[in-house]
Structure formats: C-alpha cells, structure tokens
Amino acid sequence: MKIEFSQAVHELKNADKILILTHINPDGDTLGSGFALLRALRKMGKRVRLLNGDKINSKYNYLFEDLEEDEFDEEFIVSVDVAERKLLGDALSEKYGDRVDLSIDHHESSRRFAKKTYCEPHSASCCEIIYLIIKALGVETDSDIASCIYTGCSTDTGCFKYSNVTVRTHLIASELIAAGADHSRINVRMFDTKSMNNIMLERMCLSSLEFFAGGTIAVISVTQAMLRESGTDKSALDAIKPITRQIEGVKVGVTLREEEDGVISVSVRTDEDVDAAAICANFGGGGHIRAAGCEIYGKSIEKAKTEVTEYIVTYLNK
Ligand SMILES: [Mn+2]
C-alpha cells in the first residue's frame, strides 16, 4: 500500500525494536539512510539494529564505526533505498522479505514489496527523504547523522553533478553542513580516493572498453578473473561504472560484470536523451532514468554483451 509522508513518520514514531534493512551492493545512499535513521531512532530511546546482505566496502566505515550492536527480536521492519525484495539479497529476502512493514524509497521502479511504501521518485536520494523524516520525528540532526545523510545526498548525485539534483538537494546539503557534516572529507573519500587495487582494476577495465554504434555506446566488461587479479571485489565497480559516461559522444554506457555464479549483471548509465530504466526493463530490470540495471542468466559475458548492445542499438534507432 502506498502511504503519505506523515503516515511514514507516524509508523516510525510508534514503532520499537526496529530492524532496518539495506540493499545488496550497498552504496552511500542505502547505508547513509540506514545509519542516519538508526541514529535518530536510537536518540528517541528506541532499540534499533541494521542488517545488510553483503560485505560493506571499508570506505563507508565512518558511517557506523562508533555504533554499538544490539540483539533483539524485531517488532517492526523498515527498508531504505530498496526498490524490490530481491535487492535485500537471498538470505535477508528469505528471512524478512515478506515481513517488511515499511519501505522508504526513491526508485521510479519501486516494486512495493512491503506492507506500506513511501516512495518519492523525484528525490535525488533516499537520504533526502530520511532527513525530512528525521526532522519530522523531532530529532535534532547532530554531526554524525548529518554526515550519514550527506553521504547519500552526494553519492547518489555523483557529487551533486547529475540531473537528479534539485533545489531541495542543495538546501538540505547546506543544512547538513551547518549541522556539522564532514562534507569535504566525505567527498574526497567517496570520489577522489582510489586504492591501488582499484586502479589496477580500472586499467583492466579500460583495456576491455569497446565502442558500438559510431561511438554512442561504450561497454566495459568485468570478469571474475579481473576482480581476482586486481584483488578487488564487486564493490570496486562503483568507481568503474561512471567511466563510460565520461566519454564524449557516448549516449549509453554499459558495464557488464560476471558474478561468481555466472550470472551477468548489467549496469546502464545514460545521457539526458536516453532512458536507462526503459532499456533495462527489456531484460527484466529497472532503476532510474539515468542509471539502471538488469541481470542476464545462462549466457557468457560475450553473449550478454552482444544481446544488450544489439537491443540498445534498436532502442536508439526507435
Ligand atoms: Mn538511492
């Protein structure tokens, strides 16, 4: 069921023993949203814990390092930035997938798997919504909460560069800086810092780069061997995906990644003329207009590449 903002606030106000769920391949928005909400609800005296179905990249450690763990049987489950049940990951989806009380999200493709969903598709990040909820709950935004929220505001907008940025994004960011968000350090850490392993992976990814349709489609292919050789894991792909879109003339950037089980996960980034979510919908996926994803089963990375690029060529010619 779709609910209004005030109802979402009301649900959280009345809840206790709250479990917060975040999405797999955790990014700054789901983690920033989750840990900001956890901090705010704990400040209200509630018991709260958070789970993620994946390994969290150490660059996000500052979001939760100071927090104490808690164990209890949850009475209320809220998911943040999770567009559909399977994005909880297999284990969490199986255990909690049909028990989520409230989903707070900003994906156009949000599937409403929870009992109640509050979704603002025009919000640049889920963190923007969480910030407004925290304010409405009457909790003061301290510097730790501000840094969590700022992280999602910045990472989901490519450091405030994407077209999803609104006046509200900047107004909220300014309030967060006033509240003590460590904005400069966060942005350097998120956007200007790469480990040597990540650079090794980047070098391999650039060698795999191919162009199609007269240079309007750029494709990077990442194999399991490349992740192994560079000593990275799939979380390193966050820094790889934007590369294709930085190339002049490219309308559609595609990053294909071979998963451990052979599934090919596809990330599509587009410029303002092309709908990435529509392209991915053809393969059963979804996401945002400029950034979306899908999975291709039972095909080699080469086969998947051919299939995806051929479809994009047809799509662009429509
Ligand atoms: Mn998000």
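The rules we used
Residues numbered from 1 in each chain as written. Predicted model: local features only at pLDDT ≥ 70, side-chain atom pairs only at ≥ 80, totals over all residues. Heavy atoms only, no water. Donors = N, O, S within 2.8 Å, 3.2 Å for Na, K, Ca; no water. Helix = DSSP H or I, 4+ residues; strand = E, 2+ residues; numbered from the N terminus. Buried < 20%, exposed > 50% of the residue type's maximum accessible area, 1.4 Å probe, protein only. Domains from an automatic or database assignment. Contact = heavy atoms within 4.5 Å. Buried area = accessible area lost by both parts, 1.4 Å probe. Salt bridge = Lys/Arg side-chain N within 4 Å of Asp/Glu carboxyl O. Nonpolar A, V, L, I, M, F, W, Y, C, P; charged D, E, K, R; others polar. Pairing = 2+ DSSP bridges. Axes fitted to C-alpha atoms, helices over the stretch in contact; angles between N-to-C directions. Phe/Tyr/Trp six-rings, centres within 6.5 Å; stacked < 30°, edge-to-face > 60°. Lys NZ or Arg CZ within 6 Å of the ring centre and 35° of its normal. Right-handed = clockwise from strand over helix to strand, strands pointing away.

Engineer: Requested: an account of the coordination of the manganese ion, with residues and values cited.
Structural biologist: A metal bound by six donors in octahedral fashion has ideal angles of 90 or 180 degrees, whereas one bound by four tetrahedral donors has an ideal angle of 109.5 degrees. Summarising the metal site, the manganese ion is bound by the protein donors Asp-29 (OD), Asp-81 (OD), His-106 (NE2) and Asp-156 (OD), whose distances to it range over 2.1 to 2.4 Å. Read from N- to C-terminus, the donor residues coordinating the manganese ion fall into the pattern D-x51-D-x24-H-x49-D. Linking Asp-29 in helix H2 (residues 28-43) with Asp-81 in the loop between strand S3 (76-80) and helix H3 (90-96), this pair joins segments that are 52 residues apart in sequence. Across this residue pair, the class does not change: Asp-29 and Asp-81 are buried.

Engineer: A description of the domain arrangement of the protein should follow, citing residues and the corresponding values.
Structural biologist: Here the protein is described as being made up of domain 1 (5-191) and domain 2 (196-317). On a C-alpha basis, the centres of domain 1 and domain 2 stand 26 Å from each other. Of the residues lining the interface, 13 residues belong to domain 1; the matching set on domain 2 comes to 15 residues. For the domain 1 and domain 2 pair, buried surface summed over both sides reaches about 980 Å², with 32% attributable to carbon and sulfur atoms. Taken together, the connections running from domain 1 to domain 2 amount to two salt bridges. Across the pair Lys-234 and Asp-54 runs a salt bridge whose closest N-O atoms are separated by 3.4 Å. Residue composition of the side of domain 1 that touches domain 2, by class: two nonpolar, six polar and five charged.

Engineer: If you had to explain the sheet that holds strand S8 (residues 252-258) to someone new, which residues and values would you point to?
Structural biologist: With mixed pairing, six strands are arranged side by side in an open sheet as S6-S7-S8-S9-S11-S10. Only two strands of the sheet have a single neighbouring strand rather than two, namely strand S6 (210-212) and strand S10 (286-287). Direction of pairing for strand S7 (residues 217-222) relative to S8: parallel, over a ladder of six bridges. Opposite Ile-220, over in S8, you have Thr-255 as the bridge partner. Of the strands in this sheet, S6 and S7 are in contact with helix H8 (residues 196-208), which crosses S7 at around 130°.

Engineer: If you had to explain the side chain of Ser-267 to someone new, which residues and values would you point to?
Structural biologist: Residue placement: Ser-267 occurs in strand S9 (residues 264-270). Once residues lying within four places of it in the same chain are set aside, the contact partners of Ser-267 are Lys-241, Gly-253, Val-254, Thr-255, Ala-292 and Gly-293.

Engineer: Describe in detail the side chain of Ser-147, supporting the description with residues and values.
Structural biologist: On the secondary structure map, Ser-147 appears in helix H5 (residues 143-155). For Ser-147, a relative accessible area of 10% gives the class buried. Not counting residues within four places of it along the chain, the set of residues in contact with Ser-147 comprises Leu-63, Gly-180, Ala-181, Asp-182 and Ile-186.

Engineer: Lay out the pairing of S9 with the relevant residues and their values.
Structural biologist: If a strand is regular, its side chains alternate between the two faces of the sheet. Across the seven residues that make up S9, a large majority, seven, are buried. Side chains of S9 alternate between two faces, with Ile-264, Val-266, Val-268 and Thr-270 and Ser-265, Ser-267 and Arg-269 buried alike.

Engineer: Which residues make up unusual backbone geometry, and what values go with them?
Structural biologist: Phi angles above zero are rare outside glycine, and Lys-17 is one such case at about 50°. Residue position: Lys-17 is located in the loop between helix H1 (5-14) and strand S1 (18-21). Positive phi outside glycine occurs at Arg-112, with the angle close to 55°. Tracing the backbone shows Arg-112 in the loop between strand S4 (102-105) and strand S5 (116-119).

Engineer: Describe in detail the packing of aromatic side chains, supporting the description with residues and values.
Structural biologist: Scanning the model with the defined rule gives five aromatic pairs in all. Ring geometry for Phe-283 against Tyr-311: centres 5.6 Å apart, planes inclined by 85°, an arrangement best described as edge-to-face. Of the two residues, Phe-283 is situated in the loop between helix H10 (276-281) and S10 and Tyr-311 in helix H11 (residues 301-317); the sequence distance between them amounts to 28 residues. An identical accessibility class is assigned to Phe-283 and Tyr-311; each is buried. Here the guanidinium or amino end of Arg-49 rests over the ring plane of Phe-72, the centre of that ring lying 5.3 Å away. The ring centre of Tyr-162 lies 4.7 Å from the NZ or CZ of Arg-245, which sits over that ring.

Engineer: An account of the pairing of S4 is requested, with residue identities and associated values reported.
Structural biologist: Burial along S4 is two-sided: the residues Leu-102 and Ile-104 and Ser-103 and Asp-105 are all buried. With three bridges connecting them, S3 and S4 associate as parallel partners. Each residue of the ladder has a partner; that of Val-80, found in S4, is Ile-104. As a crossover connection, the stretch from S3 through H3 into S4 is right-handed.

Engineer: Hey, could you go over the sheet that holds S1 for me, with residue numbers and the actual values?
Structural biologist: Pairing is parallel across the open sheet formed by five strands, whose spatial order is S2-S1-S3-S4-S5. Two strands bound the open sheet, and with one partner strand each, they are strand S2 (48-51) and S5. Between one strand axis and the next, the sheet turns through 20° on average, direction left out of account. Both S1 and S3 contribute to a ladder of four bridges, which runs parallel.

Engineer: How would you explain the pattern of salt bridges if you had to name every residue and give the values?
Structural biologist: In the structure shown here, the tally under the stated rule is 21 salt bridges. Lys-116 is paired through a salt bridge with Glu-11; the nearest N and O atoms lie 2.7 Å apart. Residue Lys-116 is found in strand S5, and its partner Glu-11 is found in helix H1; the two are separated by 105 residues along the sequence. For Lys-116, a relative accessible area of 22% translates into the label partly exposed. The salt bridge partner of Asp-101 is Lys-115, with a shortest N-O separation of 3.2 Å. Separated by 14 residues along the polypeptide, Asp-101 in the loop between H3 and S4 and Lys-115 in the loop between S4 and S5 bring together distant segments of the chain. The class of Lys-115 is partly exposed, set by a relative accessible area of 48%.

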